[in-house]
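Listed below are the residues making up each chain.
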Amino acid sequence: MIYIHIPFCKQKCSYCNFHFSTSLNFKDDMLRAMKTEILLRKDELQNKNLKSLYFGGGTPSILSVDEISSLIDDVLKYFSFENDIEVTLEANPDDLDKDFLKQLAGTPVNRLSIGTQSFFEEDLKLMNRAHSASEAESSIKRAQDFGFENLSIDLIYGSPTSNLEIWKENLNKTIALEVPHISSYALTVEPKTALESWISKGKIKSPKEEEQNSEFYYLSDFLKDNGFEHYEVSNFAKPGFYSRHNSAYWKYNEYLGIGPSAHSYNGFDVRSWNVANNQQYIKKLNDKLLAKEEEILSHEDQFNEMIMIGLRTIWGVDLESLKNKFSDRMLEHFQRESKFKIEEGILIIENEHLKIPEKHWFMADGIASDLFIV
């Protein structure tokens, strides 16, 4: 699968620390550089028959449909698409007007991931989103009108401008709109963001973990009651609408990341990442040089990643794979550390897979880190 990172946004959200620029001055140079990178890295994937192509960012919908199509055409010069390929475009609600959607419907893009975040104005203002509450709703309806049934929306809970009642209304609205996939995250305070600055200056209150905990479990119960499957800590889907792209990450499949700050993985022991600087990225690719660094993952790194990723999903950690892949020393550590959590009911074993019971999923990362080899 291939991920293409579009490093441009109209404005900076208060909570975001992803790599992007609000200046489009070098957009054409960036797109040329990405096409060069696709050419230079065309032989890195073992499987050239793609199951997933994902445009993330940043804000991919800031591009024109012609620019999106041109990038797809370049991918197709060196790779083929499976018949049922999932081609996802992350999009902001304010970009999804009728003209854009009409043109997009004529491309291979068949899945939209819409950055809704909330259907309430106060939440959106705090987050410094570019869209309004009415656009959050109308963009989803327009996408459906143009034939985009495979939709995902992002929702953020635990905001200082929200509460459990508002959160319930957000979820009721989502169900009414018949969206089949939801990615939902607690509002987190990342370093060097506007949100961190506002909290440090006392302008707004810090998110409260106990409130986020309550909203997370309400989210899970509510969506399951409405036919969703909770298949990863932050992801919910109606049957048949799991994100193929993200599921491939969680199952340790190989992937190729194109664009500044994009990561790649060979499916075994090599991870690489591109420089998180637009100008450096463009300059390198103009010289036909890759703008990436890489690391060889140690056995400890691979073990820790398998534990971290597996315990965040409905599938858990395959115990047979652990036994086949890692040394006796590492397995002894794993058995020793997991034994106590199994006795406490924090971990369970089902069909030779180690899992966290869903009632403990809010603390999944902390539980997993206790099993790490350091």
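What you see is a predicted model; the values in this text were computed from it and never measured.

Caption draft 1: Molecular detail of helix H8 (residues 209-225). The end-to-end C-alpha distance of H8, which contains 17 residues, comes to 24 Å, matching closely the 24 Å that a straight helix rising 1.5 Å per residue would cover. Inspection of H8 places Gln-212, Glu-215, Phe-216, Leu-219, Ser-220, Phe-222 and Leu-223 among the buried residues, and these make up the whole buried set. Buried residues along H8 sit against strand S5 (151-157), helix H6 (164-176), strand S6 (181-186), strand S7 (229-232) and strand S8 (235-237). Downstream of H8 by a residue or two, Gly-227 has a phi angle that is positive, lying close to 90°.

Caption draft 2: How the structure looks around the sheet that holds strand S2 (residues 49-57). Ordered in space as S7-S8-S6-S5-S4-S3-S2-S1-S9, the 9 strands form an open sheet in which the pairing is mixed. Looking at the sheet topology across the chains shown, the edges are occupied by S7 and strand S9 (256-258). Mean inter-strand twist for the sheet, computed between neighbouring axes without regard to direction, equals 20°. Sheet topology places strand S4 (residues 111-117) next to S5; 4 bridges connect them, and they run parallel. In the sheet register, Ile-114 faces S5, and the bridge partner there is Ile-153.

Caption draft 3: Just the nonpolar core, in detail. The biggest cluster of nonpolar side chains holds 83 residues, and the ones touching the most others in it are Ile-2, Leu-53, Phe-55, Leu-112, Ile-307 and Leu-322. Those residues in contact with Ile-2, other than ones at most four positions away along the chain, are Leu-45, Leu-50, Ser-52, Leu-53, Tyr-54, Val-75, Phe-79, His-245, Leu-256 and Ile-258. The next biggest cluster of nonpolar side chains, apart from the first, holds 8 residues, and it includes Cys-16, Leu-126, Leu-187 and Leu-195.

Caption draft 4: Structural detail: the layout of surface pockets. As a volume, the second largest pocket reaches approximately 300 Å³. For the lining of the second largest pocket, the secondary structure elements donating two or more residues are S2 and helix H9 (244-250). In terms of residue class, the lining of the second largest pocket is made up of 5 nonpolar, 7 polar and 4 charged.

Caption draft 5: Broad picture of the packing of aromatic side chains. Counted by the stated rule, this structure contains 14 aromatic pairs. Consider the rings of Tyr-231 and Tyr-242, whose centres lie 4.1 Å apart with planes at 10°: the pair is stacked. On the criterion of sequence distance, the pair formed by Tyr-231 in strand S7 and Tyr-242 in the loop between S8 and H9 is long-range, its members being 11 residues apart. With relative accessibility at 0%, the residue Tyr-231 sits in the buried group. Between Phe-303 and Phe-334, the aromatic rings sit 6.1 Å apart at their centres with planes inclined by 80°, giving edge-to-face as the arrangement.

Caption draft 6: Geometry of unusual backbone geometry. Omega for the peptide link from Gly-57 to Gly-58 comes to 20°, which places this bond in the cis form. Position of Gly-58 among the secondary structure elements: in the loop between S2 and helix H2 (65-78). Positive phi, close to 60°, is recorded for Glu-178, a residue that is not glycine. Along the polypeptide, Glu-178 turns up in the loop between H6 and S6. Among the residues examined, Glu-178 registers a relative accessible area of 65% and is labelled exposed. If you check the backbone angles, Glu-352 has positive phi at about 60° while not being a glycine. Position of Glu-352 among the secondary structure elements: in the loop between strand S14 (348-350) and strand S15 (353-355).

The rules behind the values
Residues numbered from 1 in each chain as written. Predicted model: local features only at pLDDT ≥ 70, side-chain atom pairs only at ≥ 80, totals over all residues. Heavy atoms only, no water. Helix = DSSP H or I, 4+ residues; strand = E, 2+ residues; numbered from the N terminus. Expected span 1.5 Å × (residues − 1). Buried < 20%, exposed > 50% of the residue type's maximum accessible area, 1.4 Å probe, protein only. Contact = heavy atoms within 4.5 Å. Pairing = 2+ DSSP bridges. Axes fitted to C-alpha atoms, helices over the stretch in contact; angles between N-to-C directions. Core = buried A, V, L, I, M, F, W, Y, C linked by side-chain atoms within 4.5 Å. 1 Å grid on protein atoms, 1.4 Å probe; cavity = no way out; pocket = protein on both sides within 12 Å on 5 of 7 lines; lining within 4 Å. Points joined across faces, edges and corners; volume = space filled by probe spheres on them. Nonpolar A, V, L, I, M, F, W, Y, C, P; charged D, E, K, R; others polar. Phe/Tyr/Trp six-rings, centres within 6.5 Å; stacked < 30°, edge-to-face > 60°.

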